[in-house]
Amino acid sequence: MDSTTLRENFKDKKRIVVKVGTSSLTHPETGLTDLITMEKLVRELTDLHNRGKEVILVSSGAIAVGRKTIGMKERPTRLSTKQACASIGQARLMMMYQKLFMEYNQVAAQILMTKNTLVNGENRMNARNTFEMLLTMGAIPIVNENDTISTYEIQFGDNDTLSAVVAALVQADLLILLSDIDGLFTDDPNKNPQAQFIEYVEHVDRHFEKMGKGSASDVGTGGMSTKLKAAKLATSAGADMVIANGADMGIIHRIVDGQRAGTVFRANRTEDFYLIDYLDEPTA
């Protein structure tokens, strides 16, 4: 199957996970929330839902919102400070999402997760059941890592990985990662103007994994390496995936409509796929 045919099939996807990074939700000049982008995101997701799609949003931004709320200029490094900022910011972030979704008469719900949610079999089943019930009710779950209680041992560390985990858990058809880059390149395009854009990846092998670079953003935690890790997990679980630029949230419906946008990764479901195999097991 070529890239064009694969993209055209996106119109028929039923269950879609969309991940939005902090850099897409904040103004680079100030680090404050980009309300216009956030409103467009909510409108796009609601419209997908109105088209009969089941939609899950994995949203970063809690720590960034929290730090700005209390006037902290620098990105926090101490775990306790991060957790405090997350506690303040997550409440504010959800309040903004709830108000915006209410404008379109769309119900939103919050789900906070750590690795412990998945490693324990009963917790994993309960999480899956919660997602299924919320989707049955017509709600759009908004997922984030539970940074308030998460420690190094039990954290995903980035929402690229978390979104792929969610896609695998709920058996999503499509995962869309929105960040501050157009997709996968042969090298970091911010540093190498000769870097070439890669439109289609049939299989995530070592060749592509070596292309991963660290995060270039002051507010984000996931670089290309985490996105490629997410691609390997999601495609192995049976979901197609797209990495695209979230500067214009209209890209969501363009992707679902089958237009050429971002880098598409073809699903390659592993016969013996087991989600826990893709996580570093926590020690706490």
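One can find the structure itself at the top, above this paragraph.
Just so we're clear, the structure is a prediction, and the values are computed from it rather than from any experiment.

Caption draft 1: Structural view of the environment of Ile16. Within the element layout of this structure, Ile16 appears in strand S1 (residues 15-20). Classification of Ile16 as buried rests on a relative accessible area of 0%. In sequence terms Ile16 and Leu45 are 29 residues apart; their C-alpha atoms lie 9.7 Å from each other. Residue contacts for Ile16: discarding those within four places in its chain leaves Leu48, Lys53, Glu54, Val55, Ile56, Leu174, Ile176 and Val256.

Caption draft 2: View of the sheet that holds strand S5 (residues 174-179). Taken together, 8 strands build an open sheet; the order of strands is S3-S4-S2-S1-S5-S9-S10-S8 and the sheet is mixed. Bordering the open sheet on either side are strand S3 (108-113) and strand S8 (200-201), each of which pairs with just one other strand. Pairing of strand S9 (residues 240-245) with strand S10 (residues 263-265) involves 3 bridges; the strand directions are antiparallel. Along S10, the bridge assignment pairs Met241 with Phe265.

Caption draft 3: Helix H3 (residues 35-50), seen in detail. Given a rise of 1.5 Å per residue, 16 residues ought to cover 22 Å, and the 22 Å separating the end C-alpha atoms of H3 matches this to within 8%. Of all the positions in H3, only Thr37, Met38, Leu41, Val42, Glu44, Leu45, Thr46 and Leu48 are classed as buried. With a side-chain oxygen positioned 3.3 Å from the backbone nitrogen of Ile36, the residue opening H3 is Asp34. Phi turns positive, to about 95 degrees, at Gly52, one or two residues after H3.

Caption draft 4: Structural context of the packing of helix H8 (residues 159-169) against helix H10 (residues 224-236). One way to put it is that H8 packs onto H10 with a least axis distance of 8 Å and a crossing angle of 10 degrees. It follows from the interaxial angle that H8 and H10 lie roughly parallel. Contacts between H8 and H10 pair Asp160, Thr161, Ala164, Val165 and Ala168 from the former with Thr226, Lys227, Lys229, Ala230, Leu233 and Ala234 from the latter. Considering only residue class, the contact of H8 with H10 consists of 6 nonpolar, 2 polar and 3 charged.

Caption draft 5: How the structure looks around the packing of helix H4 (residues 62-69) against helix H5 (residues 79-103). At a minimum axis distance of 6 Å, the contact between H4 and H5 shows a crossing angle of 100 degrees. Classified by the angle between their axes, H4 and H5 sit roughly perpendicular to one another. Each of Ala62, Ile63, Val65, Gly66, Arg67 and Thr69 in H4 lies in contact with H5, whose residues at this interface are Lys82, Cys85, Ala86, Ile88, Gly89, Gln90, Arg92, Leu93 and Met96.

Caption draft 6: A look at the pattern of salt bridges. Applying the stated criterion across every chain yields a total of 11 salt bridges. In this structure, Arg15 engages Glu132 in a salt bridge whose closest nitrogen and oxygen atoms are separated by 2.8 Å. Linking Arg15 in strand S1 with Glu132 in helix H7 (residues 121-136), this pair joins segments that are 117 residues apart in sequence. A relative accessible area of 11% means that Arg15 is categorised as buried. In the salt-bridge network here, residues are joined through shared partners; they are Arg7, Glu199 and Arg260.

Caption draft 7: Spotlight on the pairing of S5. Of all 6 residues that make up S5, 6 are buried, and the element is covered over most of its length. The alternating pattern of S5 places Leu174, Ile176 and Leu178 and Leu175, Leu177 and Ser179 on opposite faces, both of which are buried. With 5 bridges connecting them, S1 and S5 associate as parallel partners. Paired with Ile16 across the bridge in S5 is Leu174. Both S5 and S9 contribute to a ladder of 6 bridges, which runs parallel. Bridge pairing in S9 places Leu175 opposite Met241.

Caption draft 8: Local environment of the nonpolar core. Counting residues in hydrophobic clusters, the biggest one holds 45 residues, and the most contacted among them are Met113, Phe131, Val143, Val166, Met241 and Phe265. Setting aside residues up to four positions removed in sequence, Val166 forms contacts with Val17, Ile56, Val58, Met113, Phe131 and Val143.

Caption draft 9: Representation of the environment of Ile63 in the model. Following the sequence through the fold, Ile63 ends up in helix H4. The class for Ile63 is partly exposed, based on a relative accessible area of 23%. Taking the C-alpha atoms as reference points, Ile63 and Gln83, 20 residues apart in sequence, are found 7.8 Å from one another.

Caption draft 10: Quick look at H8. Among the 11 residues of H8, 11 are classified as buried, and the element is accordingly described as predominantly covered. If you check which residues of H8 are buried, you get Asn159, Asp160, Thr161, Leu162, Ser163, Ala164, Val165, Val166, Ala167, Ala168 and Leu169. Gln171 occupies a position one or two residues after H8 and carries a positive phi of about 55 degrees.

Caption draft 11: Region of interest: unusual backbone geometry. Even without glycine at this site, Asn105 takes up a positive phi of about 60 degrees. The class of Asn105 is exposed, set by a relative accessible area of 73%. Unusually for a residue other than glycine, Gln171 sits at a positive phi of about 55 degrees. As for its position among the elements, Gln171 is in the loop between H8 and S5. Given a relative accessible area of 59%, Gln171 falls into the exposed group.

About the thresholds
- Residues numbered from 1 in each chain as written.
- Predicted model: local features only at pLDDT ≥ 70, side-chain atom pairs only at ≥ 80, totals over all residues.
- Heavy atoms only, no water.
- Helix = DSSP H or I, 4+ residues; strand = E, 2+ residues; numbered from the N terminus.
- Buried < 20%, exposed > 50% of the residue type's maximum accessible area, 1.4 Å probe, protein only.
- Contact = heavy atoms within 4.5 Å.
- Pairing = 2+ DSSP bridges.
- Expected span 1.5 Å × (residues − 1).
- Polar contact = N/O pair within 3.5 Å; in protein donor to acceptor, adjacent residues only side chain to side chain.
- Axes fitted to C-alpha atoms, helices over the stretch in contact; angles between N-to-C directions.
- Parallel < 35°, antiparallel > 145°, perpendicular 65-115°, else oblique.
- Nonpolar A, V, L, I, M, F, W, Y, C, P; charged D, E, K, R; others polar.
- Salt bridge = Lys/Arg side-chain N within 4 Å of Asp/Glu carboxyl O.
- Core = buried A, V, L, I, M, F, W, Y, C linked by side-chain atoms within 4.5 Å.

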